[in-house]
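What follows is each chain in one-letter form.
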Amino acid sequence: MRRAALVALVVAVAAPAPARAHRVPVRAPAQFEVTVAQIRYAVPHGPRPALRLALAGPTGLDYVAAALPRHQPRHALVALVAVVNRCPRGSLAADLAQVVLRTRPTRTLGKPRISQAMNVLATRPASTPPACALGPLAVGDLRFALRAGSPPQGFGARATIAQALAAPCGRSVAPAFRHAVAPEASPSPPPYCPPPCRPVSRARIVCPLETPPGICPQPA
């Protein structure tokens, strides 16, 4: 009995504590804009753990994508997040102030450091984001982690992150991505101009006294 209790105590002491989850707020961008963020854990010793990401709050009309670089920095665990404001033109829906994620490494690590750049398509940040140190990233350089919402047309989660990171790092952004995030407004249809009305007494056609709105050509 005493030996069984001692074995149970040793197992309890040796069992690793469950890894702590962290809430990560990412600022939401303006309409037709993108925010890109880096979540970085320090891994001072031991093997690099895996990282799980999940949403911890509503996303509204925003599209959220997350991925991990396949080639990680030394002594670090990094994830990249892109948030795209997908609110359509003319919508009265209120924009979110932030999107909150939950991260959980597979072993205990300290609190992550968050760096982010907001509205990256319109303006370049005053200082270069730390994520730019990862270098140019293509779709194949990223490992998918999370997505939610309606993506920009023609761009999946990893492609969205790659394009979003290129903007604040001073690298070229595909015109198709800019157009997918901020589509041009549809041109207004031309005003309807009715044909001239010629009253015919037998058919008893009555011409309208008011013309519909719009500027119609006048007969010479």
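Residues numbered from 1 in each chain as written. Predicted model: local features only at pLDDT ≥ 70, side-chain atom pairs only at ≥ 80, totals over all residues. Heavy atoms only, no water.

A. Molecular detail of the sheet that holds strand β8 (residues 142-148). With antiparallel pairing, five strands are arranged side by side in an open sheet as β7-β2-β5-β4-β8. The two strands at the open ends of the sheet, each matched to only one other strand, are β7 (113-117) and β8. Taken over all neighbouring pairs, the strand axes of this sheet differ in orientation by 20° on average, direction set aside. Note that strand β4 (residues 62-69) and β8 share six bridges and pair antiparallel. Across the sheet, L68 pairs through a bridge with R143, a residue of β8. (Pairing = 2+ DSSP bridges. Helix = DSSP H or I, 4+ residues; strand = E, 2+ residues; numbered from the N terminus. Axes fitted to C-alpha atoms, helices over the stretch in contact; angles between N-to-C directions.)

B. Here's a closer look at the pairing of β4. Burial runs high along β4: eight of the eight residues are buried. Every second residue of β4 is oriented toward a common face, with D62, V64, A66 and L68 on one face and Y63, A65, A67 and P69 on the other, all of them buried. Taken together, the six bridges between β4 and strand β5 (residues 76-85) define a ladder with antiparallel strand orientation. Its bridge partner being in β5, A66 is matched across the sheet by V81. The antiparallel hairpin formed by β4 and β5 contains six residues in its connecting segment, where H75 sits at a positive phi of about 55°. (Buried < 20%, exposed > 50% of the residue type's maximum accessible area, 1.4 Å probe, protein only.)

C. Expanded view of the state of the cysteines. This model, assessed by the stated rule, comprises one disulfide. At a sulfur-sulfur separation of 1.9 Å, the disulfide partner of C132 is C169. The disulfide joining C132 to C169 has a torsion of about -95° about its S-S bond and is therefore left-handed. Remark: C169 occurs in the loop between α2 (157-166) and α3 (175-181) and C132 occurs in the loop between β7 and β8; sequence separation between them is 37 residues. You can call C132 buried: its relative accessible area is 13%. (Disulfide = S-S within 2.5 Å.)

D. Representation of α2 within the structure. Of all ten residues making up α2, nine are buried, and the element is well covered by its neighbours. Of all the positions in α2, only A157, A159, T160, I161, A162, Q163, A164, L165 and A166 are classed as buried. Buried residues belonging to α2 abut β2 (34-42), β4, β5, β8 and α3. (Contact = heavy atoms within 4.5 Å.)

E. How the structure looks around the sheet that holds strand β1 (residues 22-27). One open sheet accounts for three strands, arranged β1-β6-β3; its pairing is antiparallel. Looking at strand neighbours, the two that pair on one side only are β1 and β3 (51-55), the edges of this open sheet. On average, each strand axis in the sheet is inclined to that of its neighbour by 30°, with strand direction left out of account.

F. Layout of the packing of aromatic side chains. One pass over the structure, following the stated rule, counts one aromatic pair. Measuring from centroid to centroid gives 5.1 Å for F155 and F177, while their planes differ by 75°, and the two rings are edge-to-face. Taken together, the residues span a long stretch of sequence, with F155 in the loop between β8 and α2 and F177 in helix α3 at a distance of 22 residues. Here the two residues F155 and F177 agree in accessibility, since each one is buried. (Phe/Tyr/Trp six-rings, centres within 6.5 Å; stacked < 30°, edge-to-face > 60°.)

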